[in-house]
Amino acid sequence: MKNRPPKIDTREFSELVKMLKELVPHYTPVWTGSDKRDSGGALLKIFSHITDTVVNRLNQVPHK
């Protein structure tokens, strides 16, 4: 049985979205980030998806 290398970053998509929503009041006090149907919420999800893809690729590095 092979040992698997440890993950470099263990965050997942839902954790990334949650983390970004917690940062919203600090950077944009006017926008609450609570409405899921506004363009800001869409941008948060797009950014989280891209970051999740980067994290998954980064975690594959130890295999190489």
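The sections below set out a description of the structure shown in this document. All figures in this text were calculated on a predicted structure; none of them were measured in a lab.

So, on to the overall build of the protein. Regarding its fold elements, the protein presents 2 helices and 0 strands. By residue count, 22% of the 64 residues in the protein fall in the buried class. Relative to all contacts within the protein whose residues are 6 or more apart in sequence, the contacts with residues 24 or more apart total 68%. Here the protein has roughly 5,600 Å² of accessible surface; of this, 59% comes from carbon and sulfur atoms.

Moving on to helix H1 (residues 13–27). With 15 residues, H1 ought to run about 21 Å at 1.5 Å a step, and its terminal C-alpha atoms sit 21 Å apart, in line with that. Here H1 has its buried residues at Leu16, Val17, Leu20 and Val24. Tucked inside the fold, the buried residues of H1 contact helix H2 (39–59).

Let us now look at the side chain of Asp52. With respect to the helices and strands, Asp52 occurs in helix H2. Among buried charged residues, Asp52 stands out as having no salt bridge; its nearest opposite-charge side chain is Arg11, 8.5 Å away. Those residues in contact with Asp52, other than ones at most four positions away along the chain, are Arg11, Glu12, Phe13 and Leu16.

Mapped onto the elements, Asn59 comes out in helix H2. Its relative accessible area of 11% is what places Asn59 among the buried residues.

Together, Leu43, Ile46, Ile50 and Val54 make up a nonpolar patch on the protein surface, roughly 390 Å² of accessible area in all. As for its position among the elements, Val54 is in helix H2.

Below, the discussion takes up the environment of Arg11. Among the structural elements, Arg11 can be located in the segment before H1. For Arg11, a relative accessible area of 31% corresponds to the partly exposed category. Through-space distance from the C-alpha of Arg11 to that of Val55 is 7.7 Å; in sequence the pair is 44 residues apart. Ignoring anything within four residues of it in the chain, the contact list for Arg11 reads Leu16, Met19, Asp52 and Val55.

In this section: the pattern of salt bridges. Tallied over the full model, the rule gives 1 salt bridge. Residue Arg11 is joined to Asp9 by a salt bridge in which the shortest nitrogen-to-oxygen separation is 2.8 Å.

About the cut-offs
- Residues numbered from 1 in each chain as written.
- Predicted model: local features only at pLDDT ≥ 70, side-chain atom pairs only at ≥ 80, totals over all residues.
- Heavy atoms only, no water.
- Helix = DSSP H or I, 4+ residues; strand = E, 2+ residues; numbered from the N terminus.
- Buried < 20%, exposed > 50% of the residue type's maximum accessible area, 1.4 Å probe, protein only.
- Contact = heavy atoms within 4.5 Å.
- Areas by Shrake-Rupley, 256 points an atom, 1.4 Å probe, with all protein chains shown as cover.
- Expected span 1.5 Å × (residues − 1).
- Lys, Arg positive; Asp, Glu negative; His and termini not counted.
- Salt bridge = Lys/Arg side-chain N within 4 Å of Asp/Glu carboxyl O.
- Patch = residues over 30% accessible without salt bridge, like charges linked within 9 Å, V, L, I, M, F, W, Y side chains within 5 Å.

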